[in-house]
Structure formats: structure tokens, C-alpha cells
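The chain contents come next:
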Amino acid sequence: MKHIIITGGAGFIGSHVVRLFVNKYPDYHIINVDKLTYAGNLANLKDIANAPNYTFVKGDICDLDFLLSLFATYPVDGVIHLAAESHVDRSIKDPFTFAQTNVMGTLALLQAAKNSWEKRADGYANKLFYHISTDEVYGALRFDDTLFTETTKYDPHSPYSASKASSDHFVRAFHDTYGMPVLVTNCSNNYGPYQFPEKLIPLFINNIRHGKSLPVYGKGENVRDWLFVEDHARAMDLIFHQGKVAETYNIGGFNEWTNIDLIKVLIKTVDRLLGNAVGTSDHLITHVTDRSGHDLRYAIDATKLKNELGWEPSLQFEEGIEKTVKWYLDHQDWMDNITSGAYEKYYQEMYKK
Ligand code: NAD
Ligand code: DAU
């Protein structure tokens with residue numbers, strides 16, 4: 001049996017990756033390590049919580065002693081590292097937490113893996129540290145620039161992207177300095193079920209449903225490249241098993257939208273699914289002060305992944321958005337639990353030390 005640690009598995013993308021691995025690989029033991037910050041929610045994993053090949057461990061990736069004992073408990077073969085502070089607006093208000101979790105947390109995880117793997121009889125053979133990063137490390141494109149490739153120079157602008165860029169460098173440094181087998185992927189904006197409703201798509205779906213205003217930063221002209229989260233999880237599975245050690249792969253949807261056009265699609269879809277007349281919620285659009293340092297455009301060139309490993313997004317955007325809006329409308333209880341803060345209290349009680 002292989003023992004795989006997935007960090008941040010109670011978050012948005014992590015929960016999809018944990019579910020995929022637990023269901024697809026019964027001979028793997030999946031250890032989900034998550035601190036359960038405001039963004040971590042075990043309700044995202046209710047369907048697999050009792051699977052025999054799954055263990056949840058509440059813990060902080062910044063706590064090296066905790067990590068050393070975790071690696072001493074399980075003969076870990078691989079790490080898929082997603083745990084992070086992930087919201088740009090929060091990073092603007094509180095950059096230190098982002099440096100702590102994203103940089104120091106990643107470093108602690110690398111150090112624990114190094115300690116453990118260097119003591120094993122077969123050393124680094126058949127081990128892998130797979131780090132999940134973002135397209136934001138490449139900076140911002142202008143409208144007429146070509147897409148980000150794996151060789152685009154790093155140029156992060158927000159405290160979030162600066163912390164992710166720094167963590168990427170540490171991961172590569174552990175390969176170059178100690179010979180640790182590592183992989184890094186940089187992905188574009190994900191959307192789909194279980195995304196914390198401070199991010200654009202779930203926040204706006206919920207606001208449209210409740211007739212609340214939709215705060216569009218600036219003119220809404222910024223461009224993002226959207227990928228359905230299950231396609232990202234599928235890419236990670238492929239790369240974890242077939243990617244070349246020390247390589248970087250870009251993952252993206254080839255699916256660019258200005259925020260304002262995307263918001264119009266969300267309004268139309270929610271109104272239709274709720275049986276409202278066309279245009280009912282258009283008046284909710286409210287232009288507000290722009291995000292500081294708001295990157296104009298992100299767009300990923302995922303050609304390397306397609307050519308080398310045969311991955312492509314499986315869903316058309318229209319299909320993905322329809323599925324996503326339906327999911328949020330059908331899971332109002334999930335949303336209410338978060339917006340009422342009920343789940344945080346519940347888990348604090350359940351896992352208090
Ligand atoms: P998320 O905020 O939904 O989840 C993050 C998870 O990490 C939560 O479960 C949280 O409890 C956990 N966590 C935070 N700090 C921790 C700590 N100190 N120790 C242990 N666990 C901790 O994030 P997400 O959107 O699912 O993103 C996951 C990863 O993917 C991040 O590394 C992010 O940078 C990257 N990424 C996200 C996107 C996107 O569009 N969401 C795109 C590209 C890359
Ligand atoms: O590109 C990948 C990144 O995508 C990930 O690394 C991040 O973890 C993830 O949060 C996401 O970052 P963004 O900043 O692009 O996502 P967000 O959903 O916060 O915003 C998407 C766009 O919508 C962005 O241009 C800002 C804008 N926006 C966002 C919110 C929350 C608004 O106009 N109004 C809003 O209220």
C-alpha cells in the first residue's frame with residue numbers, strides 16, 4: 001500500500017483531489033492533513049469520510065514537530081501539497097499570515113519529507129513531493145500578450161502570489177540542493193462545487209439567489225482563465241503518476257472571460273434555473289472600488305501538458321457553469337452552514353485539543 005499525504009484536503013480543490021484518489025485507488029492510503037482554517041470544511045468530504053483507505057489528521061503545516069511525528073507514524077511515499085491561504089483580498093489585509101502558511105508551511109513540509117525520506121533504506125527512490133501552485137506567480141498579462149508558459153518569468157504582484165512564488169522556489173531548491181523528487185504545477189482559476197463563498201463565482205451565485213448586490217471590482221474588465229475543478233483534479237492525478245520529476249506543468253482551461261461577461265452568464269443562469277424572467281437580477285451589478293494591484297489578465301498555455309501527457313479540459317464552460325450553478329442552488333444547506341458560521345463552531349468543538 002502507498003501512503004500519500006494530501007495537505008489542504010478539506011478545502012475547495014483539495015476535497016476534489018482527496019475524493020478522486022480515495023475512490024480511484026483503493027490500494028492507496030490517503031492521509032488528509034488540514035488545519036481546518038475558516039476555509040477548511042469536512043462537510044466537503046462527507047461521502048468518503050468513512051472509507052477504509054482514508055484518514056483525516058487535523059494539523060498545521062507550519063508545525064514541524066507535528067509533521068515529523070506524522071512522517072514517523074506513516075511510511076509516506078508521496079505528498080500532494082495544496083494547503084495554503086488562497087484568497088488575494090485577504091492577503092492584501094493580512095500578508096503575514098500568507099507568508100507564514102504558504103512559505104514557512106511549505107518549507108516545514110519539505111523539511112519533514114526530507115528528514116523522513118533520507119532515513120529510509122531506499123532514500124528518495126519512488127517518492128514524490130508534488131506542489132500545487134498558481135498562474136498568479138507569472139504576474140499580469142496585457143490584453144494582447146501571449147499566454148503564460150512554463151518559462152514565463154515570475155513576476156508576482158499580490159502578497160498571495162508573492163508567497164506562492166516563494167514556496168515554488170523552495171520546492172525547486174529542495175530538488176536542486178538535496179535531490180528531492182519534486183513536481184510543480186501552476187493552474188488557472190478553478191470553479192465548481194465546494195468553493196468557499198468569498199471567491200467570485202460562489203459569492204455571486206449566492207448573492208443573486210438572495211437578491212443581494214454583486215460587487216464588481218472596477219470596470220469588470222479583468223480577465224481570468226477558468227477551469228472546472230474536477231478537470232484540475234484529473235490533471236493532478238495524471239501528473240502525480242506520469243509527470244517527469246523536477247518539471248513544471250501549466251494547467252488551464254483555454255477559457256478566458258472578462259469578469260463582467262462571466263457575471264452576466266451567472267445572472268442569466270441563476271435567473272433561468274430559479275424560474276425568474278430574463279433580466280430580473282441585472283440591476284444587482286454594482287461597480288465598487290477596484291482591488292489594489294488588481295492583475296489585469298491571467299491566461300495559461302497548457303500545451304506542454306497536452307503534448308506530453310495527453311491532458312485536456314473535458315468540460316465546455318457552458319456545461320461546467322450550468323453544473324456549478326445547479327450544485328450551489330441544490331446545496332443551500334452547505335452554503336448556509338458557512339455563511340452562518342455554524343460549521344466553524346461545530347468543528348472547533350469536535351476537534352478541540
Ligand atoms: P482553499 O482556501 O479552499 O483551501 C485551503 C485549505 O488549506 C483549507 O482546507 C485550509 O483549512 C487548509 N490550510 C490552510 N492553512 C493551513 C495550515 N497552516 N495547515 C494545514 N492546512 C491549512 O484553497 P483552494 O482554492 O482549494 O486552493 C488549494 C491550493 O491550490 C492552494 O495552494 C492554491 O494556491 C492553489 N490554487 C488555487 C486555485 C483556485 O482557483 N482556487 C488555482 C490555482 C492554484
Ligand atoms: O488564478 C488562480 C487564482 O485564482 C488562485 O491562485 C487563487 O487562489 C484564487 O482565489 C483565484 O484568484 P482570483 O483573485 O482570480 O479569484 P477571485 O475569485 O477572488 O476573483 C476573480 C476575479 O473577480 C478577480 O479579477 C477579482 C474579481 N472579483 C472578485 C470578488 C471576490 C470581483 O470583481 N468582485 C468580488 O467580490
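For the structure given in this document, a descriptive report is provided here.

Conventions and cut-offs
- Residues numbered from 1 in each chain as written.
- Chains lettered and ligands numbered in written order.
- Predicted model: local features only at pLDDT ≥ 70, side-chain atom pairs only at ≥ 80, totals over all residues.
- Heavy atoms only, no water.
- 1 Å grid on protein atoms, 1.4 Å probe; cavity = no way out; pocket = protein on both sides within 12 Å on 5 of 7 lines; lining within 4 Å.
- Points joined across faces, edges and corners; volume = space filled by probe spheres on them.
- Nonpolar A, V, L, I, M, F, W, Y, C, P; charged D, E, K, R; others polar.
- Helix = DSSP H or I, 4+ residues; strand = E, 2+ residues; numbered from the N terminus.
- Pairing = 2+ DSSP bridges.
- Axes fitted to C-alpha atoms, helices over the stretch in contact; angles between N-to-C directions.
- Near = heavy atom within 4 Å.
- Polar contact = N/O pair within 3.5 Å; in protein donor to acceptor, adjacent residues only side chain to side chain.
- Areas by Shrake-Rupley, 256 points an atom, 1.4 Å probe, with all protein chains shown as cover.

1. Remarks on empty space enclosed by the protein
Alright, step 1. Evaluated as defined, the whole model comprises two cavities of 30 Å³ or more.
Alright, step 2. Size it by volume and the largest cavity reaches roughly 50 Å³.
Alright, step 3. Forming the walls of the largest cavity are Val 88, Ile 92, His 157, Ser 158, Arg 224, Arg 291, Ser 292, Gly 293, His 294, Asp 295 and Tyr 298.
Alright, step 4. When its residues are assigned to classes, the lining of the largest cavity shows three nonpolar, five polar and three charged.
Alright, step 5. Here the second largest cavity is characterised by a volume of approximately 30 Å³.
Alright, step 6. In terms of lining, the second largest cavity is formed by Pro 202, Ile 205, Asn 206, Arg 209, Tyr 328, Leu 329, Gln 332 and Met 335.
Alright, step 7. For the lining of the second largest cavity, the secondary structure elements donating two or more residues are helix H6 (200-209), helix H10 (317-330) and helix H11 (332-339).
Alright, step 8. Ranked by residue count, the leading element in the lining of the second largest cavity is H6, at four residues.
Alright, step 9. The class makeup of the residues in the lining of the second largest cavity is five nonpolar, two polar and one charged.

2. Section: the sheet that holds strand S7 (residues 189-191)
Alright, step 1. Sheet architecture is open: three strands sit in the order S7-S9-S11, paired in mixed fashion. The strands lining the two open edges of the sheet, one partner per strand, are S7 and strand S11 (256-258). Each neighbouring strand pair of the sheet contributes to a mean axis angle of 50°, computed without reference to strand direction.
Alright, step 2. By the bridge criterion, three bridges tie S7 to strand S9 (residues 223-228) in an arrangement that is parallel.

3. With respect to the site of ligand 2
Alright, step 1. Contacts to ligand 2 come from 24 residues, most closely from Thr 134, Asp 135, Tyr 160, Asn 189 and Arg 291.
Alright, step 2. Residue Asn 189 places a side-chain N or O atom 2.7 Å away from an oxygen atom belonging to ligand 2.
Alright, step 3. Note that an oxygen atom of ligand 2 is positioned 2.9 Å from one of the side-chain N or O atoms of Arg 224.
Alright, step 4. In isolation ligand 2 offers 700 Å² of accessible surface; the protein chains occlude 94% of this area.
Alright, step 5. Counting residues per element, the ones that place at least two in the shell around ligand 2 are H6 and strand S8 (214-217).
Alright, step 6. In terms of residue class, the shell around ligand 2 is built from 10 nonpolar, eight polar and six charged.

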